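# Residue-level structure breakdown
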Amino acid sequence: MFRLAGVPPKQKITFFKVSDNALIKPGTPLYAAHFRPGQYVDITARTIGKGFQGVMKRWGFSGQPASHGHTKTHRRPGASGPGGDPAKVFKGKKMPGQMGNYYDTALGLK
């Protein structure tokens, strides 16, 4: 692909739909000056990684009370699902895990 375009290998490839009068040569770096003021664009980038986080930071859980008999469960999620009947944890359950560091697209930025 790079040999056909006549450019050295790059880490990222991006394709744009443009009109015939707006064509630029392959391998040309794009800057903010290439877009008109007021034009809407979709931006895709990697989010800020926050590492392995608990349910309070990751999902906004309120946690357990600080007193009234609770011991070492203040920042824990609580029950993870129903008891004996399904005998499983349903897919998509909000649990602790990796927060951030994924690709996200912001649509319709001006």
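Below is a short write-up of the structure. (Residues numbered from 1 in each chain as written. Predicted model: local features only at pLDDT ≥ 70, side-chain atom pairs only at ≥ 80, totals over all residues. Heavy atoms only, no water.)

## Thoughts on the overall build of the chain
Filter applied, for reference: Where helices and strands are cited, they refer to DSSP runs of H or I of at least four residues and of E of at least two residues respectively, numbered from the N terminus. Within these notes, the globule rule equals 2.2 Å times the number of residues to the 0.38 power, and the radius of gyration is based on C-alpha atoms. The classification of residues rests on relative accessible area computed with a 1.4 Å probe and restricted to protein chains. Under 20% of the type maximum is buried, over 50% is exposed, and intermediate values are partly exposed.
Counting its secondary structure elements, the chain contains 2 helices and 4 strands. Reading the helices (α) and strands (β) of the chain from amino to carboxyl end gives α-β-β-α-β-β. Taken over the C-alpha trace, the chain has a radius of gyration of 24 Å; the compact-globule value for 110 residues is 13 Å, which it surpasses by more than 25%. In terms of overall dimensions, the chain has C-alpha extents of about 70 × 30 × 25 Å along its principal axes. Out of the 110 residues in the chain, the part that is buried amounts to 5%.

## Quick word on unusual backbone geometry
If you check the backbone angles, H68 has positive phi at about 60° while not being a glycine. Of note in this structure, N101 is not a glycine but carries a positive phi near 60°. Tracing the backbone shows N101 in the loop between β3 (97-99) and β4 (103-109).

Spatial relationships are all this shows, so hold off on functional conclusions.
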